[in-house]
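# Fold and geometry: a report
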Amino acid sequence: MSQSFDVAVIGAGPGGYVAAIRCAQLGLNTACIDEWKNSQGKASLGGTCLNVGCIPSKALLESSENYERAALKYSAHGIKIEGLSVDIPVMISRKDKIVTAFTSGIATLFKKNKITSIHGRGTLVKDKGDKKSWKVKVMSGDKVETIEAKYIIIATGSTPRQLPFAIVDNERILDNEGALALVEVPKHLGIIGAGVIGLEMASVWRRLGSKVTILESLPEFLTIVDEQVAKEAQKIFTRELGLEIQIGINITAIKTGKKTVLVEYLDAQAKAQKLEVNQLIVSVGRVPNTAELGAENVGLRIDDGGRIEVDSYCRTNLPNVYAVGDVVRGPMLAHKASEEGIAVAESIIANAAGQERELIKLNLDTIPWVIYTSPEIAWVGKTEQELKTTGIRYKAGQFPFMANGRAQSLGETSGFVKVLADANTDRILGVHMIGPYVSEMISEAVVAMEFAASSEDIARIVHAHPSLSEVLHEAALGVDKRALHI
Ligand code: FAD
Ligand code: NAI
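Residues numbered from 1 in each chain as written. Chains lettered and ligands numbered in written order. Predicted model: local features only at pLDDT ≥ 70, side-chain atom pairs only at ≥ 80, totals over all residues. Heavy atoms only, no water.

## Description of the side chain of Lys 418
Along the chain, Lys 418 falls in strand β21 (residues 416-422). Residue classification places Lys 418 among the buried residues on the basis of a relative accessible area of 1%. Setting aside residues up to four positions removed in sequence, Lys 418 forms contacts with Asp 226, Gln 228, Glu 384, Gly 397, Gln 398, Gly 430, Val 431 and His 432. (Helix = DSSP H or I, 4+ residues; strand = E, 2+ residues; numbered from the N terminus. Buried < 20%, exposed > 50% of the residue type's maximum accessible area, 1.4 Å probe, protein only. Contact = heavy atoms within 4.5 Å.)

Encoded structure:
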């Protein structure tokens, strides 16, 4: 007889493992199926985020930034370091230890919450029974088992988008996994795609000594962020940090040699160019992962972008089957995946109790984004260009980190905060930041927007002095042209 559960979660990334924990907390008998294996071939929970995404990239960003501070910035504080050097294998093994601590931590959380963790690939199986439950076949090597569950949560995440002419071997041509595991600093690193991964990986390896050239096909830089922030970022990344960023390019061929990779492309003026690099990172977006999920077996609807179709409550077209995270619409972010997982777990309880009105949905308009470059970029809500396009009248207040005491003491004075508020109601519509530790500062803006705050609300709240948060305070004051320190 097959094992039977209230809920089977497929995928143990931040969407799936959090959904499983919340389901278990709510008293549901829960299984979580995941197929991830780490580089030693061992099952490893946590999906992309913990294994080859958010956590390892932030570990390397921190290490490389420390190195750069010691090399370039400490002397201004009167701190002299002689014979500074960097040991890349130690840096990589520190990153690996952090990853192992977190991935094994999830296994512990599963045990604590009595979640049945099943290693293997989960495939939905055509139901020949009474339709009161779904069947999932789980395959791991030669081992095959089939489990049953009343509710299914699909959280199978995403995988890197491939370019047909740039086959990833993780030796010369790298995806995020290879980019996070280099044990030598490439002399010249090429990156295709000036998006979030491209910029974060460029930061790591440039700080450690690589010459970095980024090739981006779009004619504008970083189109997902507010235009003014993108301009500031481009200026700092190229002029101050020395990244070479070419936009509007069109790749024509990629040739892999023993020690180098040759990229042939047309530049923005359609002139043929060649770039020879030691390693090439391909970071051109990610695609939802529905391979071998068995969607066709059960009639699960997939949209034109390859995502599982869901409504605002993450319900698929099939009864009691939900999907969350990167595999559905919305930003591909870990915190978005996790919050959807929680919302679905709570909706399942409401559904079981026949309380459709109590279904929980996530507000996709207040999901914060952070790009962990230096300076960091963070935002929530609408950009100025979006407000212009939709014809919404707005007021803007802006304040530079340069005029902030804490930023001066840190020696991190680049960037600004901008608050956009409705011209009639003063309700905050978007907040955009580029500067030090804005990854931490953006939460205040998210809370404000969730509570439908006005810019005046932030302007009237007391902010600690001296703190970076005063820059947000002053930007909010600036909406009504009453910033004090500028
Ligand atoms: P995933 O984390 O992709 O997990 C899906 C899991 O399901 C995987 O373990 C996969 O093996 C498993 N799986 C798939 N199909 C099956 C199947 N049929 N059967 C069994 N198991 C299956 N986001 C942020 O918010 N902040 C960051 O700083 C950040 N940094 C990132 C850095 C990098 C380099 C990358 C690549 C991504 C980063 N992201 C970041 C994005 C973040 O990793 C994803 O948004 C997040 O992991 C999505 O979570 P998920 O649970 O939907 O999917
Ligand atoms: P991305 O969508 O951020 O950027 C991809 C870039 O590649 C785009 O600018 C695109 O125009 C460009 N591109 C596409 N095809 C190209 C081609 N043929 N030639 C040249 N350029 C091309 O995708 P990325 O960087 O791969 O990251 C995927 C996702 O992972 C992000 O969108 C984000 O959701 C998530 N992520 C989040 C992070 C964070 O929250 N800090 C960090 C890293 C990833």
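## Quick look at a nonpolar patch on the surface
A surface patch of nonpolar side chains, amounting to about 230 Å² of accessible area, comprises Ile 79, Ile 81 and Leu 84. With respect to the secondary-structure elements, Leu 84 resides in the loop between α3 (54-73) and α4 (88-112). Residue class for Leu 84 comes out partly exposed when judged on its relative accessible area of 34%. (Patch = residues over 30% accessible without salt bridge, like charges linked within 9 Å, V, L, I, M, F, W, Y side chains within 5 Å. Areas by Shrake-Rupley, 256 points an atom, 1.4 Å probe, with all protein chains shown as cover. Salt bridge = Lys/Arg side-chain N within 4 Å of Asp/Glu carboxyl O.)

## Details of the site of ligand 1
Contacts to ligand 1 come from 38 residues, most closely from Gly 15, Asp 34, Thr 48, Lys 58 and Gly 122. Here a nitrogen atom of ligand 1 sits 3.2 Å away from a polar atom, N or O, in the main chain of Glu 35. Between ligand 1 and Met 332, the relevant distance is 3.2 Å, taken from an oxygen atom to a main-chain nitrogen or oxygen of the residue. Starting from 1,000 Å² of accessible surface for ligand 1 in isolation, the protein chains cover 94%. Those elements that provide at least two residues to the shell around ligand 1 are α1 (14-25), β2 (30-34), α2 (47-52), α3, β4 (121-125) and α9 (334-352). At 4 residues, the largest contribution of residues to the shell around ligand 1 is made by α2. Classifying every residue of the shell around ligand 1 by side-chain character gives 15 nonpolar, 17 polar and 6 charged. (Near = heavy atom within 4 Å. Polar contact = N/O pair within 3.5 Å; in protein donor to acceptor, adjacent residues only side chain to side chain. Nonpolar A, V, L, I, M, F, W, Y, C, P; charged D, E, K, R; others polar.)

## What to know about the site of ligand 2
Taken together, 23 residues lie around ligand 2, and Ile 197, Glu 216, Gly 285, Met 332 and Val 370 are the ones closest in. Residue Ile 197 places a main-chain N or O atom 2.9 Å away from an oxygen atom belonging to ligand 2. Within the contact set of ligand 2, an oxygen atom lies 2.7 Å away from a backbone nitrogen or oxygen of Met 332. Protein contact buries 79% of the 840 Å² of open area that ligand 2 shows by itself. It is helix α6 (residues 196-207) that provides the largest number of residues to the shell around ligand 2, a total of 4 residues. By residue class, the composition of the shell around ligand 2 is 12 nonpolar, 6 polar and 5 charged. Counting contributing residues, the shell around ligand 2 receives three or more from each of domain 1 (4-160 + 287-358) and domain 2 (173-284). (Domains from an automatic or database assignment.)

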